[in-house]
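The lines below spell out each chain.
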Number of protein chains: 2
Amino acid sequence: SPQNPPKKMLRHVVLFKFKDSATPAQVKEVEDAFRALPSKIKEIKSLEWGTNNSPEGLAQGFTHAFFVTFENEAAREVYLPHPDHKAFGKVLGPHLDKVLVIDYWTQE
Amino acid sequence: SPQNPPKKMLRHVVLFKFKDSATPAQVKEVEDAFRALPSKIKEIKSLEWGTNNSPEGLAQGFTHAFFVTFENEAAREVYLPHPDHKAFGKVLGPHLDKVLVIDYWTQE
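Residues numbered from 1 in each chain as written. Chains lettered and ligands numbered in written order. Predicted model: local features only at pLDDT ≥ 70, side-chain atom pairs only at ≥ 80, totals over all residues. Heavy atoms only, no water.

A short note on the overall build of chain A
Across its full length, chain A carries four helices and four strands. Ordering the α and β elements of chain A from the N terminus gives β-α-α-β-β-α-α-β. Reported as C-alpha extents along the three principal axes, the dimensions of chain A are approximately 55 × 35 × 15 Å. Classification of the 108 residues of chain A by burial places 47% in the buried group. (Helix = DSSP H or I, 4+ residues; strand = E, 2+ residues; numbered from the N terminus. Buried < 20%, exposed > 50% of the residue type's maximum accessible area, 1.4 Å probe, protein only.)

Things to note about the interface of chain A and chain B
The partner chain B presents 37 residues to the 37 residues of chain A that form the contact. For the pair chain A and chain B, the interface holds 24 residue pairs in polar contact (both at pLDDT 80 or more). Of all elements in the fold, only β1 (10-18), β2 (46-51), β3 (64-70), α3 (73-79) and β4 (96-105) of chain A reach the threshold of two or more residues within the side of chain A that touches chain B. Residue contributions to the side of chain A that touches chain B peak at seven residues, all from β4 of chain A. Split by residue class, the side of chain A that touches chain B holds 18 nonpolar, eleven polar and eight charged. (Contact = heavy atoms within 4.5 Å. Polar contact = N/O pair within 3.5 Å; in protein donor to acceptor, adjacent residues only side chain to side chain. Nonpolar A, V, L, I, M, F, W, Y, C, P; charged D, E, K, R; others polar.)

Points about the relation of the copies chain A and chain B
You can overlay chain A on chain B at an RMSD of 0.0 Å; the transform is a turn of 180° with a shift of 0.0 Å along its axis. Such a turn and shift between the copies fits a two-fold axis. Rotation axis and chain A: the residue whose C-alpha lies nearest the axis is valine 13 of chain A, separated from it by 4.6 Å. Most of the interface of chain A is mirrored in chain B: 100% of its interface residues are interface residues there too. (Least-squares fit on C-alpha atoms with pLDDT ≥ 70 in both.)

Brief notes about the pairing of β4 of chain A
All names here are of chain A. Burial of β4 is extensive: seven of the ten residues sit out of reach of the surface. Taken together, the nine bridges between β1 and β4 define a ladder with antiparallel strand orientation. Along β4, the bridge assignment pairs lysine 17 with lysine 98. (Pairing = 2+ DSSP bridges.)

Regarding the packing of helix α1 (residues 24-35) of chain B against helix α4 (residues 83-92) of chain B
All names here are of chain B. One can describe the packing of α1 onto α4 by two numbers: an axis separation of 9 Å at closest approach and a directional angle of 170°. What the angle tells us is that α1 and α4 run roughly antiparallel. Taking contact as the criterion, the partners of Glu29, Val30, Ala33 and Phe34 in α1 are, on α4, Phe88, Val91 and Leu92. Looking at the contact of α1 with α4 residue by residue, the class counts come to six nonpolar, no polar and one charged. (Axes fitted to C-alpha atoms, helices over the stretch in contact; angles between N-to-C directions. Parallel < 35°, antiparallel > 145°, perpendicular 65-115°, else oblique.)

A closer look at the pairing of strand β3 (residues 64-70) of chain B
Residue and element names in this part refer to chain B. Of all seven residues that make up β3, seven are buried, and the element is covered over most of its length. Residues His64, Phe66, Val68 and Phe70 line one face of β3 and the alternating positions Ala65, Phe67 and Thr69 line the opposite face, and both faces are buried. Taken together, the seven bridges between strand β1 (residues 10-18) and β3 define a ladder with antiparallel strand orientation. Pairing of histidine 12 across the sheet is with valine 68, part of β3. In terms of strand pairing, strand β2 (residues 46-51) meets β3 through six bridges, oriented antiparallel. Across the sheet, threonine 51 pairs through a bridge with histidine 64, a residue of β3.

Below, the structure written as structure tokens:
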């Protein structure tokens, strides 16, 4: 084909459900801490996020989705144990009810 | 700012765990049926998908992620009850152990 295929990217999908005890300010602190990670960890190629608005009722209590893109698995291997990622975990931990993480290489 | 902000998009994240009884051929039939949806439902702006390769062990058994983009909620309202979406559900249903759906408007 004369066209270049789109470059495959490694997606890292992270879902959170917060404890009922978490206040809006505490949830915002977690959101802001996650949003700050791309400025601290250069291996994050991009980040987008948002809060659930599905009408289907199949979110199993998860309210927050963070969608991280890495160029490759080497970047993820830097990210996961990175001190700034670990520090984020300390902000998150006290307020977290449950988490789900699924990663995939993009296909069309 | 002189720059246009990126356009907000409505993301629709769908995770599947298949029954242990589902054969590779049956799983592929479901994958192919989902991949065919953008050609049938014009309200799907884009689709990417992949299978879990997270080393974290937090996927709660989900193996497949399908990542659908809509321009807006009106497009989603066409998609959800669309006959071709319902037909996909009939392909999926016999092999599905569990499903999770979370939608969000993109933020940075």
